[in-house]
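Results of the structural survey
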Amino acid sequence: ADTAPAAACAGAAPQPRPIRLGYKKGSCLSVLKLGSMVVQLVLPALLAVVSNSSDWTASSPTLLALERVGSAADHAEWPPPQYAKDYTAWWSYVYGRLVPNEVCDACGGMPGFTPWDRISEKCGLWSMTVLRCLQVCNGQNRWNGFGVCMKTCGATAPDCSFCEEDHLPANVTNYCSMTCKRFKEAKCTSDTTMKTSDDFVKCLDTKVFTCEGALQRELKIAGELSNYNYTISWRARKCPRQLFACGADGSAENKCSPMKWCESPFDAGCVESECKYPIGAGQKECFFNDPFCGGRKKFPEMKTEDSGLVDMCGVTTTTSTTTLPPENKEEALLAAARHLRRGGGAQ
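Reading guide: rules and limits
Residues numbered from 1 in each chain as written. Predicted model: local features only at pLDDT ≥ 70, side-chain atom pairs only at ≥ 80, totals over all residues. Heavy atoms only, no water. Helix = DSSP H or I, 4+ residues; strand = E, 2+ residues; numbered from the N terminus. Contact = heavy atoms within 4.5 Å. Areas by Shrake-Rupley, 256 points an atom, 1.4 Å probe, with all protein chains shown as cover. Core = buried A, V, L, I, M, F, W, Y, C linked by side-chain atoms within 4.5 Å. Buried < 20%, exposed > 50% of the residue type's maximum accessible area, 1.4 Å probe, protein only. Salt bridge = Lys/Arg side-chain N within 4 Å of Asp/Glu carboxyl O. Axes fitted to C-alpha atoms, helices over the stretch in contact; angles between N-to-C directions. Parallel < 35°, antiparallel > 145°, perpendicular 65-115°, else oblique. Left-handed = near helix turned anticlockwise from the far one by under 90°. Nonpolar A, V, L, I, M, F, W, Y, C, P; charged D, E, K, R; others polar. Pairing = 2+ DSSP bridges. Polar contact = N/O pair within 3.5 Å; in protein donor to acceptor, adjacent residues only side chain to side chain. Phe/Tyr/Trp six-rings, centres within 6.5 Å; stacked < 30°, edge-to-face > 60°. Lys NZ or Arg CZ within 6 Å of the ring centre and 35° of its normal. pLDDT = per-residue confidence, 0-100. Expected span 1.5 Å × (residues − 1). Arc of directions from axis to C-beta.

When its secondary structure is counted, the protein shows 14 helices and three strands. When contacts within the protein are restricted to residue pairs at least 6 apart in sequence, long-range pairs at least 24 apart make up 52% of them. Element-wise, carbon and sulfur atoms account for 57% of the exposed surface of the protein, whose accessible area totals about 21,900 Å².

Here's what the structure looks like:
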């Protein structure tokens, strides 16, 4: 409701007026509205100036806490302010000091959690250069001369030695080394014969970030880390989920095998018809992304002699029985009956 002009805002008793949907120029409501808009627009800029940082959102307690976790003192200034300003562009306001998804996919780390100083500096520079050139050449040489444009812009084949920097965590080093080798073999960033940007995307899709064998590569890195909770983040975003079950697809019940998805509601021997609720309407226990049918979850309590995963389909649970001496058999049976009446389990 508009109750008084701006001149009467301080001290004067408001005069009741009919309720209106809008507000007049000079009213208390318009003054407060204007003041609120000024605060919302000007305050962030003032904070950025005071903190002398273009990334004022990174001062939040959550992001600062993430930076402090495991950060190396000799890389406290990585990335330098000029790098963050010139290369991350709008990402700095979205991700703060965290590495974007595209860089994590090439250099390692977990999107949304890994700060810049936990990946290789040279790998980060290489990745951002490739991304920048991709944007430029996709517009300038969309249909012809794309590979030559990428080379002229500065995109090159990666130097995989940057994955071996001393301050990097083991999971980043292992993933970076594996992915960098795939980049070099695919030549996606150095092939000057590429005509269109579609050729570049196809190269990444079919030669670098391939779903075929991605789960095995994930398990390989997890085994090197002795941590089977490790996951390759892009695999979950790109690839269909894989399910496994004991005796799937006609295999032996003591062997964990992949379970195929049903192509129609009437198919048998597939995920929707065989797996237990909530995955399907069957009776089999199915496991996501675990070709050992529970072996990933059981590690390290259960492992092979060479610290590998155990196929849980081959593990049989046996119930041991104790032979009672003849003279104590009747007394022992009575004691067992009393135990069961009290709610105890079978002995």
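Now, onward.
Met150, Cys188 and Phe200 are the most contacted members of the largest nonpolar core, which totals 50 residues. For this core, the secondary structure elements donating two or more residues are helix H5 (101-107), helix H6 (121-140), helix H7 (146-153), helix H8 (170-186), helix H9 (197-208) and helix H10 (214-225). Excluding its chain neighbours within four sequence positions, the residues that come into contact with Cys188 are Phe183, Met194, Phe200, Cys203, Leu204 and Val208. In this structure, Leu243, Ala248, Cys275 and Cys286 belong to the second largest nonpolar core, which totals seven residues.

Further remarks concern the pattern of salt bridges. One pass over the full model with this rule turns up seven salt bridges. For Arg296, the salt bridge goes to Glu218, with nearest N and O atoms at 3.1 Å. Of this pair, Arg296 sits in helix H13 (residues 295-298) while Glu218 sits in helix H10, and the two are 78 residues apart along the sequence. Exposure class is identical for Arg296 and Glu218. Each is buried.

Okay, the packing of H8 against H9 next. With their axes 10 Å apart at the nearest point, H8 and H9 run at an angle of 125° to one another. By the criterion of interaxial angle, the relationship of H8 to H9 is oblique. Remark: the crossing between H8 and H9 carries right-handed chirality. Here Thr179, Arg182, Phe183 and Ala186 of H8 come into contact with H9, specifically with Cys203, Leu204, Lys207 and Val208. Here the contact of H8 with H9 is built from residues that sort into five nonpolar, one polar and two charged.

Let's shift gears to the sheet that holds strand S3 (residues 287-288). Ordered by their spatial adjacency, three strands build an open sheet running S2-S1-S3, and the pairing between neighbours is antiparallel. On the outer flanks of this sheet lie strand S2 (256-259) and S3, each paired with one strand and no other. Here strand S1 (residues 243-246) runs beside S3; their pairing, made up of two bridges, is antiparallel. Bridging across to S3, Phe244 finds its partner in Phe287.

Another aspect to go through is the side chain of Asp105. Considering the arrangement of structural elements, one finds Asp105 in helix H5. At 2.6 Å, the side chain of Asp105 and the side chain of Arg237 are in polar contact. Sequence-distant contacts of Asp105, that is, excluding residues within four places in its chain, are made with Tyr175, Thr179, Phe209, Ser233, Trp234 and Arg237.

If you walk through the whole model with that rule in mind, you get six aromatic pairs. With a centroid separation of 5.8 Å and an interplanar angle of 50°, the aromatic rings of Phe146 and Phe200 are classed as tilted. With Phe146 in helix H7 and Phe200 in helix H9, this pair connects stretches of sequence that are 54 residues apart. Across this residue pair, the class does not change: Phe146 and Phe200 are buried. Feature note: the residues Trp126, Phe162, Phe183, Phe209 and Trp234 constitute an aromatic cluster, connected by ring pairs. Just above the ring of Trp143 sits the side chain of Arg142; from NZ or CZ to the centre is 4.2 Å. Note that Arg241 overlies the ring of Phe288, its terminal NZ or CZ placed 4.5 Å from the centroid.

Mapped onto the elements, Ser197 comes out in helix H9. For Ser197, a relative accessible area of 4% corresponds to the buried category. Of note is the side chain of Ser197, whose polar atom sits 2.7 Å from the side chain of Asn138. Beyond its immediate stretch of four places on either side in the chain, Ser197 contacts Asn138, Arg142 and Phe146.

A few words on the confidence of the model for the protein. Model confidence for the protein is summarised by a mean pLDDT of 77, while 63% of its residues fall at 70 or above. In the predicted structure, residues 1-10 sits below a pLDDT of 50 and forms 17 contacts with residues beyond four places in sequence or in another chain. Note that residues 48-76 has pLDDT below 50 and, in this model, 37 contacts with residues that lie over four places away or in other chains.

Next up on the list: H9. Side chains that are three or four residues apart share a direction in an α-helix, a result of its 3.6 residues per turn. Taking 1.5 Å per residue, twelve residues should reach 16 Å; H9 reaches 16 Å between its end C-alpha atoms and fits that length. Turning to H9, its buried residues are Ser197, Phe200, Cys203, Leu204 and Val208. In a view along the axis of H9, the buried residues occupy a sector of 110°, so they form one face of it. In this fold, the buried residues of H9 make contact with H6, H7, H8 and H10.

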